[in-house]
Amino acid sequence: MDNNLPDNSNNNNNNNNNSNNSNNNNNGNKGRNNRSIMVILVISILLTFLFWRVFDRVSSGREEEVTYGQFIEMLDKGEVGSVKIYGSKIVFENNADDKVISKTKYTATRISDDSLAEKLRQAKTKYGTEYEGVDESGSAMIGTIISYIVMIVAFYLLLSMIMKRSGGVGRANAKIYVEKKTGVTFADVAGEEEAKESLTEMVDFLHNPKKYLDIGAKLPKGALLVGPPGTGKTLLAKAVAGEANVPFFSMSGSSFVEMYVGVGASRVRDLFKQATQMAPCIIFIDEIDAIGRSRDSRHGGDSEREQTLNQLLAEMDGFDTSKGIVILAATNCPEVLDKALLRPGRFDRRVIVEKPDLKGRIDTLKVHSKNVKMDETVDLHELALATSGAVGADLANIINEGALAAVRDGRSLVSQQDLIGAVEVVFAGKEKKDRLLSKEEKQIVAYHEVGHALLAALQKHTEPIQRITIVPRTMGSLGYVWQVPEEEKYLESKKELEAELVTLLGGRAAEELKFDSVTTGASNDIEKATKTARAMITMYGMSDKFGMVQLESIEGQYLDRNLALQCSDETATKIDKEIRDMLRDSYNKAKKLLSAHMAALDSIASFLIEHETITGKEFMSILAQVEPQR
Ligand code: ADP
């Protein structure tokens, strides 16, 4: 049960990214075709060889095996027509008279018998039996050696092809995507003015490298785009290529790194080789932290990644900027990057791509709704206010979800209601129609949510309510209060944060006051309240006990903002106690405020139970009816 929409900005919508897959590198296809031909060739060699051996056996006729004793007996009786004596076997034919007895081939294992020569001589004299010795050492040996060589070569080829298929050792089969023309320009990237400004120089350089070279200026080799996921880093890189009208090579950092040592490095070589052939161009490496992680042991290291990184550094140092290659890389955790990558001459420029502010969000919504048919109720300003903290990818998703909702409803224009619904879908998930709450649960959830909302309304320093709902959502919430600020704010005062704590704990307070029991529903509120209280003490210097001392630092600024304690264990224990005290005071305040307004709590909750969703206006009008004196 949230009192705010959850921030799922990490779930960025990469639907547009897929478009670049369509322009798969031709070389990749050619390589795959060649490999298929090779596999077919090797299998045919093996089959031919096997077939030849079998055919050889079959064509050499039916051979009947007899014992050496039987052979001597037949020889003595004059039943043997011709004999071939090999080193280890004897092959002979019977003395056939073609009409009555058919010719049969026999083999017998040869044993050491000194009298054999004498017996053969006698048989020749008596019955005309032909005999000869065969020296098999030469031809048979060559045959065996050839068959071994064929087998070994065939197996080697087959094995190396299988390894390559599975991305194993050998030449890189990197997934490099090339777009000859991205078709994206800076106009498609909303907001991010500072980022665009620093990238404009790159565009100019790609247009006219001579201007820079003539004056003796060293050209920038690369820039690092830094920012949270979904803020448009890939889009910006494409826009640079689009503006400069040059091809766009892109590869994800994670696709360089494989299990086998050396593959990543060869992929880096491959990428630069192909890019050099098509220069001027942009090389874009997404998630560069996957290879560019610092080589010190703190963040873990492995030889494959190190080799890949070394190769990347070597390539960056090696290429000639006058050819017009610019490397852009994106990351959301720049702090883990190896210092060598950030040295002058490599990714020495850092372009920050921030989450959009109110204006940025309005612009992004405008860009994405350009081709969407909307009716007159649509107010993008209101929508932007309601989506504080959203990134470009979320906003693109919201517009699309809104359009889908209109289609589902059979309407030809998108309304503001569709878009507001889409915000809820994107942040809280779809309504879970099949999850039916029992009557008691519904009551508890309703009181919990109205507890939050009422406290928000009763305290001056919290944001007005947009909507309260107790329809369960797919992302796990059973209900929530959606608050929207009246204007974008960049600072929060201590009073506002204190009011926020009271509001957060108001859900549990309402449950306890009404039902005299507590449920698991407040876990998310408790988590948020604890985080806020901790930050007030350790980072914002808002606790009188500790004063203005930094007790925690932020790690992973653009991702999950992990906090690392910067104080002694003793202080940490004191901080924990201070957090407990703050939360207890806030909880008591919440209970006190609510118990003074129980009539309003009851009326709004029963309205909510009946209607499941109420708007901010409905909420305020019930409150005004119950408490006209306010
Ligand atoms: P990142 O690379 O930072 O994770 P992307 O560039 O892949 O983010 O953004 C994903 C999608 O979000 C884009 O294709 C685009 O539709 C949308 N988007 C993100 N930021 C913006 C922006 N500033 N303007 C317009 N669209 C944006």
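Residues numbered from 1 in each chain as written. Predicted model: local features only at pLDDT ≥ 70, side-chain atom pairs only at ≥ 80, totals over all residues. Heavy atoms only, no water.

Time to look at the overall build of the protein chain. Along the backbone of the protein chain there are 20 helices and 16 strands. The 630 residues of the protein chain split such that 44% are buried. When the accessible surface of the protein chain is summed, it comes to about 33,200 Å², and 53% of that surface belongs to carbon and sulfur atoms. (Helix = DSSP H or I, 4+ residues; strand = E, 2+ residues; numbered from the N terminus. Buried < 20%, exposed > 50% of the residue type's maximum accessible area, 1.4 Å probe, protein only. Areas by Shrake-Rupley, 256 points an atom, 1.4 Å probe, with all protein chains shown as cover.)

This part covers the UniProt feature "binding site: ATP" (unreviewed entry) in the protein chain. UniProt feature "binding site: ATP" (unreviewed entry): in the numbering of this structure it lies at G227, P228, P229, G230, T231, G232, K233 and T234. One can find P228 in the loop between β7 (222-226) and α7 (233-244). Tracing the backbone through its elements, the reader meets P229 in the loop between β7 and α7. (UniProt positions renumbered as here; feature names shortened; annotations may be inferred.)

With that settled, consider a negative patch on the surface. A surface patch of like charges, here negative, comprises E194, E197, E354 and D357. Among the structural elements, E194 can be located in helix α5 (residues 193-207). A relative accessible area of 61% means that E194 is categorised as exposed. (Patch = residues over 30% accessible without salt bridge, like charges linked within 9 Å, V, L, I, M, F, W, Y side chains within 5 Å. Salt bridge = Lys/Arg side-chain N within 4 Å of Asp/Glu carboxyl O. Lys, Arg positive; Asp, Glu negative; His and termini not counted. Charge placed at Lys NZ, Arg CZ, Asp CG, Glu CD.)

Let us now look at unusual backbone geometry. Excluding glycine, residues mostly carry a negative phi; peptide bonds, for their part, are mostly trans. Despite not being glycine, N245 shows a phi value in the positive range, around 60°. Within the secondary structure, N245 is located in the loop between α7 and β8 (248-252). The backbone of E287 sits at a positive phi, close to 50°, despite the residue not being glycine. Tracing the backbone through its elements, the reader meets E287 in the loop between β9 (281-286) and α9 (289-292).

This brings us to the sheet that holds strand β2 (residues 80-85). If you walk across this open sheet you meet the five strands as β1-β4-β3-β2-β5, and the pairing is mixed. Each end of this open sheet is capped by a strand with a single partner; those strands are β1 (63-65) and β5 (130-133). Direction aside, neighbouring strands of the sheet carry axes that sit 20° apart on average. Bridging between β2 and strand β3 (residues 89-94) involves five bridges; their strand directions are antiparallel. The residue of β3 that forms the bridge with V83 is F92. (Pairing = 2+ DSSP bridges. Axes fitted to C-alpha atoms, helices over the stretch in contact; angles between N-to-C directions.)

All told, the structure shown has six aromatic pairs when counted by the stated rule. Measuring from centroid to centroid gives 5.0 Å for F92 and Y106, while their planes differ by 10°, and the two rings are stacked. Of this pair, F92 sits in strand β3 while Y106 sits in strand β4 (residues 105-109); the two residues are 14 residues apart in sequence, bridging distant segments of the chain. Taken individually, F92 and Y106 each receive the classification buried, so the pair is uniform in this respect. One aromatic cluster is present, built from ring pairs that chain together Y68, F71, F92 and Y106. (Phe/Tyr/Trp six-rings, centres within 6.5 Å; stacked < 30°, edge-to-face > 60°.)

Time to look at the side chain of D289. Along the chain, D289 turns up in helix α9. You can call D289 buried: its relative accessible area is 11%. A distance of 2.7 Å separates a polar atom in the side chain of D289 from a polar atom in the side chain of T331. Leaving out residues up to four positions away in the same chain, D289 has contacts with A330, T331, N332, C333, V336 and L337. (Polar contact = N/O pair within 3.5 Å; in protein donor to acceptor, adjacent residues only side chain to side chain. Contact = heavy atoms within 4.5 Å.)

It is worth spelling out the pairing of β4 at this point. When β1 meets β4, the two strands line up parallel, connected through three bridges. Within β4, the residue paired with E64 across the bridge is Y106. As paired elements, β3 and β4 share five bridges and run antiparallel to each other. Its bridge partner lying in β4, E93 is registered against K105.

Taken together, the side chains of M141, I145, I149 and V153 present a nonpolar region at the surface, about 370 Å² in accessible area. Summarising the element assignment, M141 is placed in helix α4 (residues 137-165).

The next subject is the nonpolar core. If you look at the biggest cluster of nonpolar residues, it comprises 44 residues, and the most contacted ones within it are L454, I468 and F619. Among the elements of the structure, α15 (439-458), β12 (465-469), α16 (494-515), α17 (523-538), α18 (569-595), α19 (598-611) and α20 (616-626) are those that each provide at least two residues to this core. Ranked by the residues each element gives to this core, the list is headed by α15, at nine residues. The residues contacting F619, other than those within four sequence positions of it, are A453, L454, A457, I465, I468, I604 and I614. Counting 28 residues, the second-largest nonpolar core is a separate cluster that includes V189, L206, A241 and I282. (Core = buried A, V, L, I, M, F, W, Y, C linked by side-chain atoms within 4.5 Å.)

So, on to the pattern of salt bridges. Tallied over the entire structure, the rule returns 25 salt bridges. The salt bridge partner of E130 is K124, with a shortest N-O separation of 3.8 Å. We classify E130 as partly exposed; its relative accessible area is 46%. You can call K124 partly exposed: its relative accessible area is 41%. In this structure, a network of salt bridges that share partners links the residues D409, R411 and D418.

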